[in-house]
Amino acid sequence: MIKFFLMVNKQGQTRLSKYYEHVEINKRTLLETEVIKSCLSRSNEQCSFIEFKDFKLVYRQYAALFIVVGVNDTENEMAIYEFIHNFVEVLDEYFSRVSELDIMFNLDKVHIILDEMVLNGCIVETNRARILAPLLILDKMSES
């Protein structure tokens, strides 16, 4: 099960955070700081899976952005690794070559995409067309 989902730039600034288990606000910032530090300090040759406290971190770097997913010990790391890639492919399809600015200025749409893919910490959808369908309908309604 997914515990949290983070998008962070190389400077360590959180661009998106979504928690699927309750974590107090003051503990979230501390957790994010520790998670970001442990991911940014690793080299490209090192594995993208980290044992961290009582859960595992699975991360992937795309240009200047890191996507970090915290999962419980029973979750398949490769499945989460591929889920991260699928999420980025969906963002690329919607924004046509997604960038950090797209995420910053369209955070609501990024949350909609993530919510279509993950429900209560479980991956429920991976089909790009079905993930983007609600967003495309919203876009058509806003054009009218």
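Residues numbered from 1 in each chain as written. Predicted model: local features only at pLDDT ≥ 70, side-chain atom pairs only at ≥ 80, totals over all residues. Heavy atoms only, no water.

The name that an unreviewed UniProt entry assigns to the protein is AP complex subunit sigma, with the source organism given as Rhinolophus ferrumequinum. According to the UniProt record, the Sequence similarities (unreviewed entry) comment for the protein is "Belongs to the adaptor complexes small subunit family." Comment text from UniProt for the protein, heading Subunit (unreviewed entry), reads "Adaptor protein complex 4 (AP-4) is a heterotetramer composed of two large adaptins (epsilon-type subunit AP4E1 and beta-type subunit AP4B1), a medium adaptin (mu-type subunit AP4M1) and a small adaptin (sigma-type AP4S1)." (UniProt positions renumbered as here; feature names shortened; annotations may be inferred.)

On to the overall build of the protein. Scanning the protein from N- to C-terminus turns up five helices and seven strands. Ordered by position from N to C terminus, the α and β elements of the protein give β-β-α-β-β-β-α-α-α-β-β-α. Against the 2.2 N^0.38 benchmark of 15 Å for 144 residues, the protein shows a C-alpha radius of gyration of 15 Å, consistent with a compact globule. In terms of overall dimensions, the protein has a C-alpha envelope of 50 × 30 × 30 Å along the principal axes. Expressed as a percentage of the 144 residues in the protein, the buried residues total 40%. Of the roughly 8,100 Å² that the protein leaves accessible, carbon and sulfur atoms contribute 52%. Side-chain charges of the protein comprise 16 positive and 22 negative groups, with the mean position of each set lying 3 Å from the other. (Helix = DSSP H or I, 4+ residues; strand = E, 2+ residues; numbered from the N terminus. Rg over C-alpha atoms; globule rule 2.2 N^0.38 Å. Buried < 20%, exposed > 50% of the residue type's maximum accessible area, 1.4 Å probe, protein only. Areas by Shrake-Rupley, 256 points an atom, 1.4 Å probe, with all protein chains shown as cover. Lys, Arg positive; Asp, Glu negative; His and termini not counted. Charge placed at Lys NZ, Arg CZ, Asp CG, Glu CD.)

This brings us to the nonpolar core. Core analysis: the biggest nonpolar cluster contains 29 residues, and Phe-5, Met-7, Phe-87 and Ile-113 have the highest contact counts within it. When residues of this core are traced back to their parent elements, those giving at least two are β1 (2-9), β5 (65-71), α2 (77-95), α4 (107-117) and α5 (128-143). Ranked by residue count, the leading element in this core is α2, at ten residues. Apart from the residues lying within four places of it in its own chain, the contact partners of Met-7 are Gln-13, Thr-14, Arg-15, Leu-16, Leu-65, Phe-66, Ile-67, Phe-87, Leu-91 and Ile-103. (Core = buried A, V, L, I, M, F, W, Y, C linked by side-chain atoms within 4.5 Å. Contact = heavy atoms within 4.5 Å.)

Our focus in this paragraph is the sheet that holds strand β2 (residues 14-19). Taken in spatial order, the five strands line up as β2-β1-β5-β4-β3 in an open sheet, and their pairing is antiparallel. The open sheet terminates on both sides in strands that have one partner only, identified here as β2 and β3 (49-52). Going from strand to strand, the sheet's axes swing by 20° on average, the running direction of each strand aside. Against the sheet, α4 makes contact with β1 and β2, and its axis sits at roughly 35° relative to β2, the strand it touches most. (Pairing = 2+ DSSP bridges. Axes fitted to C-alpha atoms, helices over the stretch in contact; angles between N-to-C directions.)

Moving on: the packing of aromatic side chains. Scanning the model with the defined rule gives eight aromatic pairs in all. Taken together, a centroid distance of 5.5 Å and an interplanar angle of 85° make the contact between Phe-4 and Phe-55 edge-to-face. One end of the pair, Phe-4, is in strand β1; the other, Phe-55, is in strand β4 (residues 55-62), and 51 residues separate them in sequence. For the pair formed by Phe-4 and Phe-55, the shared burial category is buried. Ring centres of Phe-5 and Phe-83 lie 6.2 Å apart, and the angle between their planes is 75°; this geometry places the pair in the edge-to-face category. Remark: Phe-83 occurs in helix α2 and Phe-5 occurs in strand β1; sequence separation between them is 78 residues. The same class applies to Phe-5 and to Phe-83, which are both buried. Taken together through their ring pairs, the aromatic side chains of Phe-4, Tyr-19, Phe-52 and Phe-55 make up a single cluster. (Phe/Tyr/Trp six-rings, centres within 6.5 Å; stacked < 30°, edge-to-face > 60°.)

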